[in-house]
Protein chains: 2
Amino acid sequence: MSTYNGRMERADAARNRARILEAAAALFAERPPQDVTMDDIAKKAGVGRGTLYRRYPDRASIAVALLDEHERELQERLLRGEPPLGPGAPPADRLAAFYAAMVRLLEDHAHLVLGTEVGRSRFETGAYGFWRAHVRALLVAAGTPDPDALVEVLLAPLAPEVYGHQRTRLGLTPDRIIEALTRLTVLLRPGSS
Amino acid sequence: MSTYNGRMERADAARNRARILEAAAALFAERPPQDVTMDDIAKKAGVGRGTLYRRYPDRASIAVALLDEHERELQERLLRGEPPLGPGAPPADRLAAFYAAMVRLLEDHAHLVLGTEVGRSRFETGAYGFWRAHVRALLVAAGTPDPDALVEVLLAPLAPEVYGHQRTRLGLTPDRIIEALTRLTVLLRPGSS
DNA sequence: AGCTATGTGGACGCTGTGTCCACTTCACTA
DNA sequence: TAGTGAAGTGGACACAGCGTCCACATAGCT
């Protein structure tokens, strides 16, 4: 029962939306997104091309929708979960926990977004805004100067392409990546101005 | 007189290569790369499609070639220039200087690469390897643990998409970006293990 | 049951890609 | 300076994927 453009979505439309997402997930799992055509998705979902385009103007937006589903759960934990991920712990520790959680998320779902031209649009997704707001708040809590500029620096290493590169080309393990990211938390420790 | 595949490049081929690069530079300057077709470039260069494809299999490789030209000069200064960019200064200062220089480079030329699907292939360019080797050497000189993992973290904020996002969407100034990047240099300062 | 806004699907035209190959030009040799 | 083969050229071609469009179907209200 989700809403579309402020008005209730028709039942058949909702059913199709679900089928599309399901089909896309299956296809993206078996081969890189850039090799999956809109037509493939439409066929697999048992839906016409026009129906597909009605909601998702391109592959990237489907990938993003899929990713959003998984991201939402982490967002919930950041807001209301246990420390150090949720509220209560010192900012530096919360950032470390956030990094660890994001790496897990990337490990599972980065492939969804890897081949797509999300490069630029990535920053426009709701999820990115959420991560930025979260980390920015941590910076503010830590009293760090110019949080707006620093946030981007702290978020950049979480770009899916960067993660994919580290894992695939360089053969780094998730743990080593987390370790490296965690070192950034010194910037939020008291007395590092 | 450059060489191609180990064998001397024929004079007409060299001339065409230059014309292609020149035409591409002009076109990329007037509109985003993804709106420039291979055909546009071939036409403007006064060259057939086949000739174009002979050396540059896609738009991205042209953009990269163009970018390489500008990057080479900075590479030279890193190797043999005056401190703090060149050898002689403490690693943290050299990293700060490197960041400032890269921001200047991005400011001038990021547009070349912004619309292209260089996202993934970016890591495979010679230039990226160079930056990585440079920063890695600085990390080693500073005695930082696991330099291989940390390098990627330090380089990630220099991704053209990230830079474009900061400048365009967020309206940050180059100076503010440099400032934020410079804070990362604490990781190379003595006694931050 | 009738009505209308909403949703559907596939045929269609188009744009850009990359390949292919007959032809041209170069640079070397005698 | 003419001959020769290798290297380079260019545009015609076939094709794939995109996004649109619109006649038709269906849901959900009255």
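Note that the structure is predicted; figures quoted are calculated from it, not measured.

Peer 1: Explain the packing of aromatic side chains to me, please; I cannot follow it from the model alone.
Peer 2: What describes a pair of aromatic rings is the distance from one ring centre to the other and the angle between the planes of the rings. Under the criterion given, the structure shown has eight aromatic pairs over all chains. Arranged with centres 5.6 Å apart and planes meeting at 85°, the rings of Phe130(A) and Trp131(A) form a pair that is edge-to-face. Taking the centre distance of 5.8 Å and the plane angle of 50° together, the rings of Phe98(B) and Trp131(B) count as tilted. Within this pair, whereas Phe98(B) is found in helix α5 (residues 91–114), its partner Trp131(B) is found in helix α7 (residues 126–141), the two being separated by 33 residues in sequence. The exposure classification of Phe98(B) matches that of Trp131(B), with both residues buried. Through a chain of ring-to-ring contacts, the aromatic side chains of Phe98(A), Tyr99(A), Phe130(A) and Trp131(A) assemble into a single cluster.

Peer 1: What is the right way to read the relation of the copies chain A and chain B from this model?
Peer 2: Once chain A has been moved 0.0 Å along the axis and rotated by 180°, it coincides with chain B to within an RMSD of 0.0 Å. Taken together, the rotation and translation describe the operation of a two-fold axis. Closest approach to the rotation axis within chain A is made by the C-alpha atom of Ala156(A), at a distance of 2.8 Å. Mapped onto chain B, 100% of the interface residues of chain A are again interface residues, and the two copies thus contact each other with one and the same surface.

Peer 1: Explain the protein's contact with DNA strand C here, please?
Peer 2: Not every one of the 22 residues close to DNA strand C is listed here, only the nearest: Arg10(A), Asn16(A), Thr51(A), Arg54(A) and Arg59(B). Of what DNA strand C places within 4 Å of the protein, 58% of the atoms are sugar or phosphate. The backbone of Arg49(A) places a nitrogen or oxygen atom 3.4 Å from a base nitrogen of DNA strand C. For the surface near DNA strand C, the elements supplying multiple residues, two or more each, are α1 (11–30) and α3 (49–55) of chain A together with α1 (11–30) and α3 (49–55) of chain B. Residues that form the surface near DNA strand C fall into these classes: six nonpolar, six polar and ten charged.

Peer 1: Help me understand the domain arrangement of chain A, please; the structure alone is not making it clear to me.
Peer 2: Interfaces are frequently sized by the accessible area removed from exposure as the parts join. Residues and elements named next belong to chain A. Assigned domains of chain A: these are domain 1 (1–57) and domain 2 (59–193). One C-alpha centre belongs to domain 1, the other to domain 2, and the line joining them spans 27 Å. With 14 residues of domain 1 in contact, the opposing surface of domain 2 contributes eleven residues. For the pair domain 1 and domain 2, the summed buried surface comes to about 1100 Å²; carbon and sulfur atoms form 74% of the total. For the pair domain 1 and domain 2, the number of links is zero salt bridges. Counting across the interface, domain 1 meets domain 2 through two residue pairs in polar contact (both at pLDDT 80 or more). Broken down by secondary-structure element, the contributors of at least two residues to the side of domain 1 that touches domain 2 are α1 and α2 (38–45). Considering every element that reaches the side of domain 1 that touches domain 2, the biggest residue donor is α1, with five residues. Looking at the side of domain 1 that touches domain 2, its residues break down into twelve nonpolar, two polar and no charged.

What counts as what
Residues numbered from 1 in each chain as written. Chains lettered and ligands numbered in written order. Predicted model: local features only at pLDDT ≥ 70, side-chain atom pairs only at ≥ 80, totals over all residues. Heavy atoms only, no water. Phe/Tyr/Trp six-rings, centres within 6.5 Å; stacked < 30°, edge-to-face > 60°. Helix = DSSP H or I, 4+ residues; strand = E, 2+ residues; numbered from the N terminus. Buried < 20%, exposed > 50% of the residue type's maximum accessible area, 1.4 Å probe, protein only. Least-squares fit on C-alpha atoms with pLDDT ≥ 70 in both. Contact = heavy atoms within 4.5 Å. Near = heavy atom within 4 Å. Polar contact = N/O pair within 3.5 Å; in protein donor to acceptor, adjacent residues only side chain to side chain. Nonpolar A, V, L, I, M, F, W, Y, C, P; charged D, E, K, R; others polar. Domains from an automatic or database assignment. Buried area = accessible area lost by both parts, 1.4 Å probe. Salt bridge = Lys/Arg side-chain N within 4 Å of Asp/Glu carboxyl O.

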